[in-house]
Amino acid sequence: MAPRVACSAPGRVRVVRVEIHGHRGARGLWPENTLQGMSRTMELGVHALELDVALTADRRLVLTHDLTVSAVTSADRRPVYAGDPLYPYVGKPINSLTLAQLRTLDVGVRLPRHPDDPFAPTQVPMPETRMPTLGAVLGLVNAYEAEGVRLHVELKSDPTRPEVSADPELFTELVVEELDRHGRLDNVAILSFDWRILTHAAALAPDTRRFALIELDTLHWNDGVGDDVPDAARQAGATTLSPEHIMVDESLMAQASAAGLNVAVWTVNDPALGARMLDLGVAGIVTDYPDRMRELWRERGLDLPEPIGPLRPVGV
């Protein structure tokens, strides 16, 4: 994700290649972590699709941001069988439920909207949408022949909650195997706040990009993090630093540069904030609203990602 740069004025460097990363697809526009949302985001045009995965009770990789079934993004519809003692599933740990149980949920945003849903004013609901597997998303991207779109797969893991988190080594191995099965290891990035996953990914897939996600609340999850966070991330196996936007300033950017890491900042939805991040020299912006960032890219004269054409019906 190294940007191309060109001098624009004495003492100034202008980035002319910087990436737009669609967050959970584009959750400001469509339901997050869904096949429908990913399809529309590719058709809108992004450099990368970011998505989240967790491991089910039967060791299936499913798209979900939360380690427990969220009441904001998911709604119970029916038990997988009559009398299922785990029903209702909302609020249960993902790793306590099978794929079949999770597939009964509606993750297309219900009406009326949940009162804690911050995207109600802008997100198009898609009722009766099901939670997809990682394999289904990989198949979708391959069906679109979207070779220009990188997949950014965040492995959800919380070292302080091992009871709801998968074993990091097994989890990483299963994700790498699935990516390899679909021929995507050379056009993917593995992301995590739990840097143990980055270390395992570096051993299993050394040529695959690895993003160290950071925020102030979870830095303590990782051993050996001192004043130089980018250097600690590099030592853990990261190839890119991905901080929350409130952490990004000239000092962090200088440390990242010294560590040889690009910076992809999250989650930036305001074009004015996006402009400040561009001025600081980030190489990627993660956003819930790729449409807004595309307008900023046009204003800045930056390279826009090409929209991917819609899938054609079979036989056409």
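Residues numbered from 1 in each chain as written. Predicted model: local features only at pLDDT ≥ 70, side-chain atom pairs only at ≥ 80, totals over all residues. Heavy atoms only, no water.

## Comments concerning the environment of Val109
So, point 1. Mapped onto the secondary structure, Val109 falls in the loop between α2 (99–102) and α3 (134–143).
So, point 2. Classification of Val109 by relative accessible area gives buried; the value is 5%.
So, point 3. Residues Val109 and Met126, 17 residues apart in the sequence, show an inter-C-alpha distance of 6.3 Å.
So, point 4. Residues within four places of Val109 in sequence aside, it is in contact with Pro31, Asp117, Gln123, Pro125 and Pro127. (Helix = DSSP H or I, 4+ residues; strand = E, 2+ residues; numbered from the N terminus. Buried < 20%, exposed > 50% of the residue type's maximum accessible area, 1.4 Å probe, protein only. Contact = heavy atoms within 4.5 Å.)

## Overview of the environment of Arg300
So, point 1. Inspection of the secondary structure puts Arg300 in helix α9 (residues 290–300).
So, point 2. Within the structure, the side chain of Arg300 is placed 3.1 Å from the side chain of Asp279, a separation counted as a polar contact. (Polar contact = N/O pair within 3.5 Å; in protein donor to acceptor, adjacent residues only side chain to side chain.)

## Remarks on helix α5 (residues 195–204)
So, point 1. When we look at burial in α5, the residues that qualify are Trp195, Ile197, Leu198 and Ala201. Buried residues along α5 cover an arc of 140° about the axis, so they all sit on one side.
So, point 2. Here the buried face of α5 lies against β6 (150–155), α4 (168–181), β7 (188–192), β8 (209–214) and α6 (229–236). (Arc of directions from axis to C-beta.)

## Some thoughts on the pairing of β6
So, point 1. Most of β6 sits inside the fold, with six of its six residues counted as buried.
So, point 2. Every second residue of β6 is oriented toward a common face, with Arg150, His152 and Glu154 on one face and Leu151, Val153 and Leu155 on the other, all of them buried.
So, point 3. Taken together, the six bridges between strand β4 (residues 48–55) and β6 define a ladder with parallel strand orientation. Within β6, the residue paired with Leu49 across the bridge is Leu151.
So, point 4. Chirality of the crossover, the property in question, places the unit of β6, α4 and β7 among those that are right-handed. (Pairing = 2+ DSSP bridges. Right-handed = clockwise from strand over helix to strand, strands pointing away.)

## Describing the packing of helix α1 (residues 35–44) against α3
So, point 1. One way to put it is that α1 packs onto α3 with a least axis distance of 10 Å and a crossing angle of 30°. If you check the angle between α1 and α3, you find them roughly parallel. Crossing of α1 over α3 shows right-handed handedness. Taking contact as the criterion, the partners of Leu35, Met38, Ser39 and Met42 in α1 are, on α3, Ala136, Val137, Leu140 and Val141. (Axes fitted to C-alpha atoms, helices over the stretch in contact; angles between N-to-C directions. Parallel < 35°, antiparallel > 145°, perpendicular 65-115°, else oblique. Left-handed = near helix turned anticlockwise from the far one by under 90°.)

## Thoughts on α1
So, point 1. Residues of α1 that are buried include every one of Gly37, Met38, Ser39, Thr41 and Met42, and no others.
So, point 2. On its buried face, α1 is in contact with β4, β5 (61–63), α3 and α9.
So, point 3. Looking one or two residues past α1, Gly45 carries a phi angle of roughly 115°, positive in sign.

## Focus on unusual backbone geometry
Note: most residues except glycine have negative phi, and most peptide bonds are trans.
So, point 1. Look at the link from Tyr87 to Pro88: it is a cis peptide, with omega at 0°.
So, point 2. Looking at the secondary structure, you find Pro88 in the loop between β5 and α2.
So, point 3. Look at Arg59: it is not a glycine, yet its phi comes out positive at around 60°.
So, point 4. Of note, Arg59 is situated in the loop between β4 and β5.
So, point 5. One non-glycine residue with positive phi stands out, namely Glu128, at about 65°.
So, point 6. Structurally, Glu128 can be placed in the loop between α2 and α3.
So, point 7. For Glu128, a relative accessible area of 44% puts it in the partly exposed group.

## Focus on the side chain of Asp106
So, point 1. By the element assignment, Asp106 lies in the loop between α2 and α3.
So, point 2. At 3.0 Å, the side chain of Asp106 and the side chain of Arg77 are in polar contact.
So, point 3. Separated by 2.9 Å, the side chain of Asp106 and the backbone nitrogen of Gly108 make a polar contact.
So, point 4. Leave out the neighbours within four places in its chain, and Asp106 touches Thr73, Ser74, Ala75, Arg77, Met126, Pro127, Glu128, Thr129 and Arg130.

## A word on the confidence of the model for the chain
So, point 1. Averaged over the chain, the pLDDT score is 93; the fraction of residues at 70 or greater is 93%.
So, point 2. A low-confidence stretch, residues 3–15 (pLDDT under 50), is modelled with 20 contacts involving residues beyond four sequence positions or located in other chains. (pLDDT = per-residue confidence, 0-100.)

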